[in-house]
Amino acid sequence: MSAPDSLTTQRTLPEPRAMLRLIKPVTWFPPMWAYLCGAVSSGVSMWANLGMVILGIILAGPIVCGMSQAANDWCDRHVDAINEPDRPIPSGRIPGYWGLYIALAMSALSLVVGWQLGTWGFGATVLGVLAAWAYSVEPVRLKRSGWWGPGLVGIAYEGLPWITGAAVLLATTGAAPTFPIVVMATLYALGAHGIMTINDFKAIEGDRKLGIKSLPAVYGPEVAAKIACTVMGLAQALVISMLFLFGKPYHAGAVLLLLFGQFWAMGVWMRDPEGKAPWYNGTGVVMYVSGMMITAFAIRGMVI
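Everything numeric in this text was worked out from a predicted model, so none of it was measured. (Residues numbered from 1 in each chain as written. Predicted model: local features only at pLDDT ≥ 70, side-chain atom pairs only at ≥ 80, totals over all residues. Heavy atoms only, no water.)

Caption draft 1: Region of interest: the environment of Arg 208. Along the chain, Arg 208 turns up in helix α9 (residues 204-209). With a relative accessible area of 49%, Arg 208 lands in the partly exposed category. Between the C-alpha atom of Arg 208 and that of Pro 90, which follows or precedes it by 118 residues, the distance is 19 Å. Dropping the residues within four chain positions of it, Arg 208 is found in contact with Pro 216, Ala 217 and Gly 220. (Helix = DSSP H or I, 4+ residues; strand = E, 2+ residues; numbered from the N terminus. Buried < 20%, exposed > 50% of the residue type's maximum accessible area, 1.4 Å probe, protein only. Contact = heavy atoms within 4.5 Å.)

Caption draft 2: Region of the structure containing the layout of surface pockets. Estimated volume of the second largest pocket: approximately 220 Å³. Together, 13 residues line the second largest pocket, and Cys 75, Arg 77, His 78, Glu 138 and Arg 141 are the ones closest to its centre. For the lining of the second largest pocket, the leading source of residues is helix α4 (residues 77-83), giving three residues. Across the lining of the second largest pocket, the residue classes tally to six nonpolar, two polar and five charged. (1 Å grid on protein atoms, 1.4 Å probe; cavity = no way out; pocket = protein on both sides within 12 Å on 5 of 7 lines; lining within 4 Å. Points joined across faces, edges and corners; volume = space filled by probe spheres on them. Nonpolar A, V, L, I, M, F, W, Y, C, P; charged D, E, K, R; others polar.)

Caption draft 3: Summary view of the packing of aromatic side chains. Following the criterion strictly, the structure yields eleven aromatic pairs and no others. Seen from their ring centres, Trp 98 and Tyr 101 are 5.9 Å apart, and the 75° between their planes marks the pair as edge-to-face. Of the two residues, Trp 98 and Tyr 101 are both situated in helix α5 (residues 98-115); the distance of three residues between them amounts to about one turn of the helix. A relative accessible area of 31% means that Trp 98 is categorised as partly exposed. Given a relative accessible area of 46%, Tyr 101 falls into the partly exposed group. Ring geometry for Trp 115 against Phe 122: centres 5.1 Å apart, planes inclined by 85°, an arrangement best described as edge-to-face. The structure contains a cluster of three or more aromatic residues connected by ring pairs, namely Trp 74, Tyr 97, Trp 98 and Tyr 101. The positively charged end of Arg 77 is found above the aromatic ring belonging to Trp 74, 4.0 Å away from the centroid. (Phe/Tyr/Trp six-rings, centres within 6.5 Å; stacked < 30°, edge-to-face > 60°. Lys NZ or Arg CZ within 6 Å of the ring centre and 35° of its normal.)

Caption draft 4: Region of interest: empty space enclosed by the protein. On inspection of all chains with the given rule, the structure shows one cavity of 30 Å³ or more. Lining the largest cavity are Tyr 135, Lys 143, Ser 145, Gly 146, Gly 149, Pro 150, Asp 200, Asp 207, Ile 212 and Ser 214. When its residues are assigned to classes, the lining of the largest cavity shows three nonpolar, four polar and three charged.

Caption draft 5: Spotlight on helix α7 (residues 148-170). For α7, which comprises 23 residues, the first-to-last C-alpha distance of 31 Å matches the rise-based estimate of 33 Å (1.5 Å per residue) to within 8%. Burial runs high along α7: 18 of the 23 residues are buried. (Expected span 1.5 Å × (residues − 1).)

Caption draft 6: The pattern of salt bridges, seen in detail. Throughout the structure, instances matching the rule amount to nine salt bridges. We note a salt bridge from Arg 141 to Asp 76, for which the minimum N-O separation is 2.5 Å. Taken as a pair, Arg 141 in the loop between α6 (118-136) and α7 and Asp 76 in the loop between α3 (50-75) and α4 lie far apart in primary sequence, 65 residues in all. Take Arg 141 and Asp 76: they sit in the same class, and that class is buried. In this structure, Glu 138 engages Arg 144 in a salt bridge whose closest nitrogen and oxygen atoms are separated by 2.5 Å. Looking at Arg 144, the relative accessible area reads 33%, which means it is partly exposed. Three or more residues joined by partner-sharing salt bridges are found here, namely Asp 76, Glu 138, Arg 141, Lys 143 and Arg 144. (Salt bridge = Lys/Arg side-chain N within 4 Å of Asp/Glu carboxyl O.)

Next up, the structure:
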């Protein structure tokens, strides 16, 4: 992995503000929220295990997710030079190999912190770190696929933290994640494939030039948006069906109302798929993750 040649003669140390931007705090929310959903769905008292809940949230967001963003920015520095030349690495504010050093250091920190959460927490952290590097680094670089890449990120950002949050708390009682927890976390993780596809709309030009086969780059914004909406909608339709089967009609109805709200937002997004993608992130996606928490409360402590 070569350092950006044009940057090696500029700064020698990274700019602190650029380091914060490198780990993208705005991306921390999904895994933090998913971990909290898992903790809620476990049915175990969070107040009695508050330290583990807080540590898990910090691990899922600033540490593991931040590490994944640093790794992605390092591996994507040539793409960013086209799409976002003001990013920390292509702009030179994080020079030489510092982007790589930060990603590696945070990978090690992730494992150290994950160890504090017991067997479940450490195992999930190992999977999260491996997923982050598999997504970004050559020769694996699953990001090149518009199908495998978003799928992996959806699992790592939503499914894995949810199951981990539940598992860490349930381990204090000698129990393990139940079927309702696993199935709901899995469904929301699969639906998150659509959310991750939305994030690819901002990089269409660079992806096409560098051969990254994201769905917007391969199929165009209109078709990619339809695929994303279909995936998100189907996943939530299955969640609603399962909630009815679990005997939770009021929670199912609440998630259904949120899905109807997303249908409205999807209609607005479809009028300008490329331009409205950020807008949908702030509307439809918010309703999606709200449904996650409603579902977590619905299956709280449920054993089947």
